[in-house]
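Letter by letter, the chains look like this.
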Amino acid sequence: MASSMELLGRSFLPGSAGVAAAVRERGGGLCFAAVGRQGRRRQLRSTAPVGALAERAVVTPAPAERPGAAPPESHPQSVAARAVVTVRRRRKEDAKQRVVEQLDAYADRVGRSVLLELVSTETDPRKGGPKKSKRSRLVGWFEKKDVKAERVVYTAEFSIDASFGEPGAVTVLNRHTREFFIESIVVEGFPSGPAQFTCNSWVQPTRVDRNPRVFFTNKPYLPSETPPGLQGLRRQELTDLRGDGTGERRTTDRVYDYDVYNDLGHPDKGAEFARPVLGGELLPYPRRMRTGRPSTATDERAESRVEYPEPIYVSRDEEFEEGKNEMLSEGALKALLHNFMPLLVSSVSPDIQDFAGFHDVDNLFKEGLRMKQALQDQLFQKIPFVRKIQENSEGLLRYDTPDIIKKDKFAWLRDDEFARQALAGINPVNIERLRAFPLVSKLDPVVYGPPESAITEEHIIGQLDGMSVQQALQDNRLYMLDFHDIFLPFLDQINAQDGRKAYGTRTLFFLTASGTLKPIAIELCLPPMTDACKRAKRVFTPPADATSNWLWQLAKAHVCSNDAGVHQLVNHWLRTHACMEPFIIAAHRQMSAMHPIFKLLKPHMRYTLKINALARQILINGDGVIESGFTPGRYCMEMSAFAYRELWRFDQEGLPADLLRRGMAVEDPTQPHGLRLLIEDYPYATDGLLLWSAISRWCDTYVAFYYPSDEAVQSDNELQSWYAEAVQTGHEDKRDAPWWPRLSTPSDLASLLTTLLWLTSAQHAALNFGQYPLGGYIPNRPPLMRRLVPAAGDPEYAHLVADPHRFFLSALPSLTQTTTFMTVIDTLSTHSADEEYLGERPDEAWTADPAALAAAREFAADVGQAEEEIERRNADTARRNRCGAGVLPYELMAPSSEPGITCRGIPNSVTI
């Protein structure tokens, strides 16, 4: 894995019959599954008991019977029980790992075994603690040392006192030399029936952790309902997970704690590599996972970095599983070649840094990087192995054709497509209704000049289908993308960077009678150099001639660049990655694995801490992928912190609240969701509301099972501690904000959970998995601009008029910037084979509560019905924002997906 991930990271930066019997088919039905396309259901693994064991009673011999006496009752003194343990082995191991595995097998045979102990739900009145079995050896490790199956089953036999009660926990002591992964444990032989223990966790050897690992039953318990035998273990487990807040974390640890973002820069390499700390009064930000690494030599506030591919700490159970790693490995060579060849060509021939024409962009998808024969000969002479790369990797050098140009190669040039993507594109969450005219900035006029927009009634009156501006406002026909206030404070710094140019943009749209939007004005703003500076605010309207057409295209490109930056830095990274991390850390620190709310949240926390840690290494770090690929450059994360301080509010993160905040909907109690959309064909919103309703019903039903009253919510100390810590510590810089929702009633809890599940599943999917399909064709959505729009009289204006085609391409990212960016979003848009989608719980033993399982099946059915409705909508020709000649269907909210880049599919969690 290390070597394959290194390739990927560098590309971002400049069995036998006996075995079959042992792993036999396990009984039990599906817990639930989301209905896929054409009614498919994904096959989910079962964790039902792997074996059946008839209860055996060992009876003490009775005294001889006396004549005429009634036969004495038999009193069993002990019962025979068995633990069936499913261990998941690594599919791929190197020679060293195989040797260690064999040594462990031989050590197991001579006594260095894995020991299990059963813990009762009852306490021992004599000892005061929980009743415990004697430790028993896990049997079969040596005998199955050569088994090739991915899952291997072992057993441990116990003789238990008949008064033991019900097993509530199992402890595992690993006396081997290396860790192993337990998937599940089933304890059989008790009168209460088989006891299920869903583990899915690594167990460290005693040389790493002397304490046995504890796994709890899959029965959910609120803190107040915890059986007496488990209360101490429940508290101790949470204490261990919290740690003591000191020391550097090891990769084998299972500790969750908080820290600020102080590891993005590398000040020891020089001042230009330093980055400010995110988190604190100066630059407020959510907290991230603490690693405890030492400070840098030159700045004690900055934490030393762990450069990729060296592992950065997350709790051991947060690491990617092999399926996820394999997906990254498969793309590693492709990613390396995609970046290596352009860098190589540009280093040998600097004159091809820019695209000469649109055919050069197209050739990335047809032939890969096309090289002239003379250049090929030059490369082959200087670097002979390049010929071998080109001969053996021709398919890998070619990029997949993005969906956006598959149906209509020139759709991106049209104004209607530019507007449609505001409703059904990569970033459909910034469009808002215009509620007053003229537009006014909220920035300090003393610093940033007059707040009024330069767009006047004269600019737009001819585009309103005969309406006045006031009539269009009253009829809810005017909409806008407003990136003025978030970009303007940073423009001087951005534009001072080499090869980066930006504006603060505003774009007005008119809602036509057919339900589509058309752009009617674009304003490009710069900080005023002087009073009444004419170039500080320039307005462009739909073109009337050839020159104004190219100026209009450049203006649209700058809007798209603004949109791409806000999408990635704010809506995608901040709102679904960074802001969710404190809730995940707090959940592990404050809620037991037995807590019913932890069980609900668990699939929605999968992989997020790991992907966020990787982001700090190669994406959002100084000089990383985000800084390299987006216009703000080294100020990207400062802009993200600005948005957190000024714009982020948890109470407005749910879909209905967000739509109302942006004026895209109005309250209407007669409608199914309590609101009415003002643009009826708004694909993101209409599909999103289907899924929001399904998630909301699921959370309402689930919460009602465990919290019958307000008092039940308020008295749950683990639940209250989780929410309080997520707010007070995880979002410390906003802890005193008055808008934080209360957590006092079952309704409060269901609402909070609905928002969290929405953000980690559907919202993240809508913002992530369209990045390559919709953004992989750079002219459609340039993430970076290198030139401002020239005005008459500028030296560059003559270049524009003389060769507008080439000037336009020179304003977009260079060849190497383009290919690097495409490589990154290719990976970010890919589903791995082990993805778990909304409505799926692959582990059917996640809870022992039949009511919760039944509700989960209903949730899966709701998600399946939503998917069917989305398919119907995409075939409805009346919905012109998702159906028509060359128009892409909107499938980013379609829950199911195959592996790969599909522009659809909603994983349960933020997994990439």
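Above this text is the structure in question.
Residues numbered from 1 in each chain as written. Predicted model: local features only at pLDDT ≥ 70, side-chain atom pairs only at ≥ 80, totals over all residues. Heavy atoms only, no water.

We now examine the side chain of Arg-500. Looking at the secondary structure, you find Arg-500 in the loop between α15 (491-495) and β15 (504-511). No salt bridge is formed by the buried Arg-500; the nearest opposite charge belongs to Asp-623, separated by 6.8 Å. A polar side-chain atom of Arg-500 sits 3.3 Å from the main-chain carbonyl oxygen of Ser-628. Excluding its chain neighbours within four sequence positions, the residues that come into contact with Arg-500 are Ile-494, Asn-495, Glu-627, Ser-628, Phe-630, Thr-631, Gly-633, Leu-784 and Met-785. (Helix = DSSP H or I, 4+ residues; strand = E, 2+ residues; numbered from the N terminus. Buried < 20%, exposed > 50% of the residue type's maximum accessible area, 1.4 Å probe, protein only. Lys, Arg positive; Asp, Glu negative; His and termini not counted. Salt bridge = Lys/Arg side-chain N within 4 Å of Asp/Glu carboxyl O. Polar contact = N/O pair within 3.5 Å; in protein donor to acceptor, adjacent residues only side chain to side chain. Contact = heavy atoms within 4.5 Å.)

In this section: the pattern of salt bridges. Any two side chains of opposite charge can pair, so long as their charged atoms come close to each other. Going through the model one piece at a time under the given rule, you end up with 62 salt bridges. The salt bridge involving Arg-254 is made with Asp-317; its shortest N-O contact spans 3.4 Å. Remark: Asp-317 occurs in the loop between β12 (288-289) and α5 (322-348) and Arg-254 occurs in the loop between α4 (228-242) and β11 (258-259); sequence separation between them is 63 residues. For Asp-317, a relative accessible area of 26% translates into the label partly exposed. The salt bridge partner of Glu-417 is Arg-420, with a shortest N-O separation of 2.9 Å. A residue pair is termed a helical-turn pair when its members lie 3 or 4 positions apart in one helix, as Glu-417 and Arg-420 do in helix α10 (residues 415-424) at 3 residues. Three or more residues are tied together by salt bridges with common partners; here these are Asp-263, Arg-288, Arg-293, Glu-303 and Arg-616.

As a further point, take the pairing of strand β10 (residues 213-216). Of the two faces of β10, both are covered, the one formed by Arg-213 and Phe-215 as well as the one formed by Val-214 and Phe-216. Pairing geometry for strand β7 (residues 167-174) and β10, over 4 bridges, is antiparallel. Residue pairing in the sheet places Ala-169 in a bridge with Phe-216 of β10. (Pairing = 2+ DSSP bridges.)

In this structure the tally under the stated criterion is 33 aromatic pairs. Summarising the aromatic geometry, the rings of Tyr-285 and Tyr-644 are spaced 5.9 Å apart at their centres and angled 65 degrees between planes, so their arrangement reads as edge-to-face. With Tyr-285 in the loop between β11 and β12 and Tyr-644 in helix α21 (residues 636-646), this residue pair connects regions lying 359 residues apart in the sequence. You'll find Tyr-285 and Tyr-644 in the same group, each marked buried. Each ring, one from Phe-490 and one from Phe-642, has its centre 5.8 Å from the other, and the planes form 85 degrees; the classification is edge-to-face. Of this pair, Phe-490 sits in the loop between α14 (484-487) and α15 while Phe-642 sits in helix α21, placing them 152 residues apart in sequence. Given the relative accessible area of 8%, Phe-490 is considered buried. Joined through ring pairs, the aromatic side chains of Tyr-261, Tyr-285, Phe-583, Tyr-644, Trp-648, Phe-650, Trp-722, Tyr-723, Trp-739 and Trp-740 make up one cluster. The side chain of Lys-269 reaches across the aromatic face of Phe-273, ending 4.6 Å from its centre. Between Lys-324 and the ring centre of Phe-320, over which it is positioned, the NZ or CZ distance is 5.9 Å. (Phe/Tyr/Trp six-rings, centres within 6.5 Å; stacked < 30°, edge-to-face > 60°. Lys NZ or Arg CZ within 6 Å of the ring centre and 35° of its normal.)

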